[in-house]
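Now for the letters of each chain:
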Amino acid sequence: MGLFRKKNSTNVRLNVINPKTSVSSRKWLVFIKPLIVLLCTLFLFSIYSNWQNILESWDKNPIRAYALTHKTEFTTNADIRETLSKEPALKGYFGQNIQEVKDKLLSIPWVKDVVVRKLYPDRLSITLVEHKPVAVWNDTNFVSEQGTVFSLPKDRVDIKDLPLLYGPDTEGKNVLEAWAKIKADLHARNLDLTSISVDSRGSWIIRLSNQVELRLGRGEWTSKIDRFVTIFPEINVPEGSRLAYVDLRYPYGAAVGFSPIRN
């Protein structure tokens with residue numbers, strides 16, 4: 001028997017890394033990473049820049065219906081359909097620019113404001129805010145509560161009780177405010193106002209319910225109306241005539257004019 005026993009040994013295999021291969025692999029990664037980042041950036045930019053076109057490609061039909069959120073007073077469905085049919089033609093849900101629809105509807109002269117929402121897949125929700133006529137302007141248009149001059153078919157509004165205002169379109173608000181003040185002044189003197197006008201120089205003329213025209217000129221009118229109230233009972237109207245106007249543009253007194261009474 002031998003004096004020594006042979007020990008069991010386990011063979012361990014170790015991979016030997018070639019330094020040259022490791023350096024080459026790192027160099028390749030250093031080169032490829034920026035390239036991957038660049039390609040990803042270009043891909044994302046391409047999607048971003050063509051996003052609208054991508055969305056529009058999903059549209060199968062153009063917008064072809066709308067719903068009003070509330071009943072309108074002057075605007076008809078025919079008005080809305082005709083307006084929406086104007087160029088540019090309506091696109092689909094994703095391709096339609098809401099501002100284009102708003103601009104179309106705001107081209108209706110009596111529409112003050114509009115809110116539009118798209119409803120998938122092919123509808124619009126429309127809220128119209130209309131101007132409210134409070135006076136007839138230059139016999140052909142109207143004035144809103146805010147003094148905005150706008151047009152509206154006369155067969156859609158009862159103009160019987162509306163005051164008559166005249167002047168440059170830029171003076172709508174001023175004339176409307178003057179109407180309220182002068183009417184109150186006349187009412188306190190038991191006189192009724194039917195129309196008021198101002199010219200480009202700021203000269204005022206008012207007409208009373210008895211068809212007498214008061215030429216007030218420029219500036220403050222209260223003292224001139226007081227003068228008219230004072231002299232009116234003393235005016236001697238010729239037979240067969242009526243008092244047509246009282247010119248109060250003078251510092252004192254007034255000039256009067258007459259017109260024949262028509263049978």
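Thresholds applied
Residues numbered from 1 in each chain as written. Predicted model: local features only at pLDDT ≥ 70, side-chain atom pairs only at ≥ 80, totals over all residues. Heavy atoms only, no water. Axes fitted to C-alpha atoms, helices over the stretch in contact; angles between N-to-C directions. Helix = DSSP H or I, 4+ residues; strand = E, 2+ residues; numbered from the N terminus. Parallel < 35°, antiparallel > 145°, perpendicular 65-115°, else oblique. Left-handed = near helix turned anticlockwise from the far one by under 90°. Contact = heavy atoms within 4.5 Å. Nonpolar A, V, L, I, M, F, W, Y, C, P; charged D, E, K, R; others polar. Pairing = 2+ DSSP bridges. Salt bridge = Lys/Arg side-chain N within 4 Å of Asp/Glu carboxyl O. Phe/Tyr/Trp six-rings, centres within 6.5 Å; stacked < 30°, edge-to-face > 60°. Buried < 20%, exposed > 50% of the residue type's maximum accessible area, 1.4 Å probe, protein only. Lys NZ or Arg CZ within 6 Å of the ring centre and 35° of its normal. Lys, Arg positive; Asp, Glu negative; His and termini not counted. Polar contact = N/O pair within 3.5 Å; in protein donor to acceptor, adjacent residues only side chain to side chain. Core = buried A, V, L, I, M, F, W, Y, C linked by side-chain atoms within 4.5 Å.

The name given to the protein chain in an unreviewed UniProt entry is Cell division protein FtsQ, with the source organism recorded as Mannheimia cairinae.

The subject of this paragraph is the packing of helix α3 (residues 77-84) against helix α4 (residues 98-106). Direction vectors running N to C along α3 and α4 enclose 130°, while the axes themselves pass 9 Å from each other. It follows from the interaxial angle that α3 and α4 lie oblique. Where α3 crosses over α4, the handedness of that crossing is right-handed. Here Ile-80, Thr-83 and Leu-84 of α3 lie close against α4, whose contacting residues are Val-101, Lys-104 and Leu-105. A class-by-class count of the residues in the contact of α3 with α4 yields four nonpolar, one polar and one charged.

Strands sit in the order β1-β3-β2 across an open sheet of three strands; the sheet is mixed. Edge strands, defined here as strands with exactly one partner in the open sheet, are β1 (65-68) and β2 (111-119). The sheet shows a mean angle of 30° between the axes of neighbouring strands, direction not considered. Along the sheet, α3 contacts β1 and β3 (123-130); its crossing angle with β1, the most-contacted strand, is approximately 140°. Most of the contacts of α4 go to β2, to which it runs at about 150°, and overall it touches β2 and β3.

What follows is about the pattern of salt bridges. Applying the stated criterion to the full structure yields eight salt bridges. The salt bridge involving Arg-201 is made with Asp-199; its shortest N-O contact spans 3.6 Å.

On inspection of all chains with the given rule, the structure shows six aromatic pairs. Ring centres of Phe-228 and Phe-232 lie 5.1 Å apart, and the angle between their planes is 40°; on these two criteria the pair is classed as tilted. We classify Phe-228 as buried; its relative accessible area is 1%. Grouping aromatic residues by their ring pairs yields a cluster made of Tyr-93, Phe-94 and Tyr-120. The ring centre of Tyr-93 lies 5.4 Å from the NZ or CZ of Lys-118, which sits over that ring.

Attention now moves to the side chain of Lys-104. Within the fold, Lys-104 resides in helix α4. Summary of buried charges: Lys-104 has no salt-bridge partner, and the nearest side chain of opposite charge, Glu-100, is 6.3 Å away. A distance of 2.5 Å separates a polar atom in the side chain of Lys-104 from the backbone oxygen of Lys-86. Dropping the residues within four chain positions of it, Lys-104 is found in contact with Thr-83, Leu-84, Lys-86, Glu-87, Pro-88 and Leu-90.

Where β1 meets β3, four bridges bridge the pair, whose relative direction is parallel. Bridging across to β3, Ala-65 finds its partner in Arg-123. By the bridge criterion, eight bridges tie β2 to β3 in an arrangement that is antiparallel. Counterpart to Leu-119 in the pairing with β3 is Arg-123. Between the antiparallel neighbours β2 and β3 lie three residues.

So, about the nonpolar core. The tendency in soluble globular proteins is for nonpolar side chains to be buried side by side. Ranked by size, the top nonpolar core spans 27 residues in total, and within it Leu-165, Ile-196, Ile-206 and Leu-214 carry the most contacts. Those elements giving two or more residues to this core turn out to be β4 (133-137), α5 (172-187), β8 (193-198), β9 (204-208), β10 (213-217), α6 (222-231) and β11 (241-247). For Leu-214, the residues in contact, after removing those within four places along its chain, are Trp-204, Ile-205, Ile-206, Leu-208, Phe-228, Val-246 and Leu-248. Counting 21 residues, the second largest nonpolar core, distinct from the first, contains Tyr-66, Ile-108, Trp-110 and Phe-150.

Of note, the bond from Glu-87 into Pro-88 is cis; its omega dihedral lies within 30 degrees of zero at -5°. Following Tyr-120, the chain continues into Pro-121 via a peptide bond in cis, with omega recorded as 10°. Locating Pro-121 in the fold gives a position in the loop between β2 and β3. Not every positive phi belongs to a glycine, and Asp-139 is a case in point at roughly 70°. Residue position: Asp-139 is located in the loop between β4 and β5 (141-144). Look at Asp-139 and you get partly exposed, because its relative accessible area is 39%. Its identity is not glycine, yet Asn-190 carries a phi of approximately 60°, on the positive side. Here Asn-190 is to be found in the loop between α5 and β8.

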